[in-house]
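# Analysis of the macromolecular model
For reference, the chains in residue letters:
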Amino acid sequence: MNGHAVETASHLIQNGVNAAKALVHEPEMHDLDVSKLTVSLTKSPGKVPEPDSLEIWDMKTCTDHMVKVTWTDDVGWHAPTIEPYGQLTMSPIASCLHYATQCFEGLKVYRGFDGKLRLFRPDKNCARLVMSSARVALPTFNPKELEKLLKAFIKVDGPKWLPKSRPGMFLYLRPAIIGNGEQIGVTAPSEVLMFIVAVSWPDLSSGTRPGTLPKPPGLKLLASKSDVRAWPGGFGYAKVGANYGPAFVSHMEGRKMGYDQILWLLGADYQVTEAGASNFFIVWKTKEGKLQLVTAPLDGKVILEGVTRGSVLELARQRLVSGSEYLPPNIKDLEVIERNFTMLEIEEAWEEGRIVEAFLSGTAYFITPVSAISFRDEEIDIPMGDGTSGYYAALLKKWLKDIMYGNIQHEWGVVIDEE
C-alpha cells in the first residue's frame, strides 16, 4: 500500500454525478412577482347591476377585468397581467379536465360605510390557496404576492363596481389555479394558469331573490345518510373542486325535499363535520348546565379551515367571556369547544331541551342561523332566539360586519388604496 486512499465504486459514481450536474445549467424558477404586473384596460366596459337585482342573484355578472398568471415547469411563474374579462381557452387534454388538478379560493371585497374598500383577512385565504395548490400537485407561490395581486385587481375594478354611493355592498372574489397545459399523461401538470375574477354576489345570509316569496328565517339541514363528503387522511381540508362536485348529488336531492343544505356526517357514530360548504356551530348546555359553543376540530384533514370559522372562534374566545365589555345584558358568557361530536348528542340535547341555537359560517353564507335538522327521518327544531336568528349568531355576525364595513377599525379589515 502506498498510503493513498482507495476510492470505492460508489464514491467514484457520486463524483461523476456531481461533475455532470455542474455542467448542466439549471433554469432559475421564478416565484410570483407582482412588480412585473402589466395592466390592459377594457374597451367594452360592462354595466354595474342594481343592488339586489336579478343580475346579482344570478351570480354570473363579472367585473370588467380579470387577473391571469401562467406557470411553466421550465420558467416558474410568468409576469402577471390584469386584462379585459373574457373566456378561457384550453386543450381538450388539459390536466384539469381529466385529473381534477385545480383549486380555488373565495373571499369578498367590501365597500365600507366609511367609504373605504376592504378585504377581510386576505392573508388567510392566500395562505390556504398555497396549501390547496400543493395538495393537488400544483405549484406553490409566495402568498404575500397573491395578496398584492388581489389589491391591484381591486384598485382597477373596485371603484366602479363598488361605488362610494353604495356602502354596504360587496363583490365575491374567486382566485383559482388550474392545470391547463396539453398533458393527458398521469402526472403533475407542466403548465398551470392562475386567474382571479370578481362576481356580483347576493347576500345569501338574509336576502331573497326578487320575484320569490320570502323564505322563513333559518336554514333547514338534511343530515346525510350514506354519502360522505370527506374522510380522515383525505383532502376535505383543502379547497379543491373534487370536494364539491360529488356533494352536489346529495345537495340537489335535499333541495327537492325542501332542505337548504346537507349536514355531512361521518362514521357509524354520525360525527358532525360540515354543512354544505360551510362550517357548522351549535350552542348548547351540557348536562351539568354549562353553556358551550361547539364546532368540529381541524384534525384528521376532514374539515376546511374556514376563515370565517376561525374568526368566529377568535372573537368568541375574546369577547364571549365573563366580564367582557362586549357582552350585552341578555347574552351569557360561554365556553368555546372544538371537538368531535355526533348527531346522537344533538338528538339527546334536543330531547332534553338543552339546545340554544345553531348556525353556519362561511364566505358565501357568512353567518346564517339554522332552524331545523332532519336526522333519521325525524325533524329536530332548533331555537331561533328572537325568531329571526339565535342571539349568539346575530352578535357574532354584527361584530364581523363592523370589521368588514369599517364601522370599527380592526387589523382584520385590510383597506385598499384606491388612488
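So, here's what we can say about the structure. (Residues numbered from 1 in each chain as written. Predicted model: local features only at pLDDT ≥ 70, side-chain atom pairs only at ≥ 80, totals over all residues. Heavy atoms only, no water.)

Right, let's get into the overall build of the protein chain. For the protein chain, the helix and strand inventory stands at nine helices and 19 strands. Its C-alpha atoms put the protein chain at 90 × 65 × 45 Å along the principal axes. For the protein chain, the share of sequence-separated contacts (at least 6 apart) that also reach a separation of at least 24 residues comes to 73%. Summed over all atoms, the accessible surface of the protein chain reaches about 20300 Å², with 54% contributed by carbon and sulfur. The distance from the centre of the 44 positive side-chain charges to the centre of the 51 negative ones in the protein chain is 4 Å. (Helix = DSSP H or I, 4+ residues; strand = E, 2+ residues; numbered from the N terminus. Contact = heavy atoms within 4.5 Å. Areas by Shrake-Rupley, 256 points an atom, 1.4 Å probe, with all protein chains shown as cover. Lys, Arg positive; Asp, Glu negative; His and termini not counted. Charge placed at Lys NZ, Arg CZ, Asp CG, Glu CD.)

Moving on, we get to the packing of aromatic side chains. Counted under the stated rule, the structure contains 13 aromatic pairs. Judged by centre distance (4.3 Å) and plane angle (20°), the rings of Tyr172 and Trp201 are stacked. Placement of Tyr172 in strand E8 (residues 170–179) and of Trp201 in the loop between strand E9 (191–200) and strand E10 (219–223) is noted, with a sequence separation of 29 residues between them. A relative accessible area of 6% means that Tyr172 is categorised as buried. Centroid distance Tyr326 to Trp399: 6.1 Å. Interplanar angle 75°. Geometry classified as edge-to-face. In this pair, Tyr326 is assigned in the loop between helix H7 (307–319) and strand E15 (335–338) and Trp399 in helix H9 (residues 391–404), connecting sequence segments 73 residues apart. By relative accessible area, Tyr326 is classed as partly exposed at 36%. Overall, the relative accessible area of 5% leaves Trp399 in the buried class. In this structure, Arg121 is placed above the aromatic ring of Trp412, and the distance from its NZ or CZ to the ring centre is 3.9 Å. (Phe/Tyr/Trp six-rings, centres within 6.5 Å; stacked < 30°, edge-to-face > 60°. Buried < 20%, exposed > 50% of the residue type's maximum accessible area, 1.4 Å probe, protein only. Lys NZ or Arg CZ within 6 Å of the ring centre and 35° of its normal.)

Looking now at the nonpolar core. Looking at soluble globular proteins, one finds that nonpolar side chains tend to be buried together. Within the largest apolar cluster, 45 residues are counted, with the highest numbers of intra-cluster contacts made by Phe120, Leu293, Val312, Leu320, Leu334, Phe359 and Leu400. Looking at this core, the elements with two or more residues in it are E8, E9, strand E13 (278–285), strand E14 (291–295), H7, strand E17 (366–375) and H9. The greatest single-element share of this core, amounting to eight residues, is contributed by H9. Setting aside residues up to four positions removed in sequence, Leu293 forms contacts with Phe281, Ile282, Val283, Val312, Ala316, Leu334, Glu335, Val336, Ile337 and Phe359. Val34, Val67, Leu150 and Leu173 belong to the second-largest nonpolar core, a separate cluster that totals 38 residues. (Core = buried A, V, L, I, M, F, W, Y, C linked by side-chain atoms within 4.5 Å.)

Running from N to C, helix H4 (residues 122–135) and helix H5 (residues 143–161) point in directions that differ by 125°, and their axes come no closer than 9 Å. Taken together, the axes of H4 and H5 are oblique relative to one another. Handedness of the crossing formed by H4 with H5: right-handed. Taken together, the residues of H5 that come into contact with H4 (itself represented by Pro122, Asp123, Cys126, Ala127, Leu129 and Val130) are Pro143, Leu146, Glu147 and Leu150. Of the residues contributing to the contact of H4 with H5, the split by class is eight nonpolar, no polar and two charged. (Axes fitted to C-alpha atoms, helices over the stretch in contact; angles between N-to-C directions. Parallel < 35°, antiparallel > 145°, perpendicular 65-115°, else oblique. Left-handed = near helix turned anticlockwise from the far one by under 90°. Nonpolar A, V, L, I, M, F, W, Y, C, P; charged D, E, K, R; others polar.)

So, on to the pattern of salt bridges. For the coordinates displayed, the defined rule picks out 23 salt bridges. Residues Glu83 and Lys68 are paired through a salt bridge, measuring 3.3 Å at the closest nitrogen-oxygen approach. Taken as a pair, Glu83 in strand E4 (residues 81–84) and Lys68 in strand E2 (residues 65–72) lie far apart in primary sequence, 15 residues in all. Note that Arg317 is salt-bridged to Glu338, the shortest N-O span being 2.9 Å. Here Arg317 is found in helix H7, whereas its partner Glu338 is found in strand E15, with 21 residues between them in sequence. Classification of Glu338 as partly exposed rests on a relative accessible area of 32%. When salt bridges with common partners are traced through the structure, they connect Lys287, Glu348, Glu352 and Arg354 into a single cluster. (Salt bridge = Lys/Arg side-chain N within 4 Å of Asp/Glu carboxyl O.)

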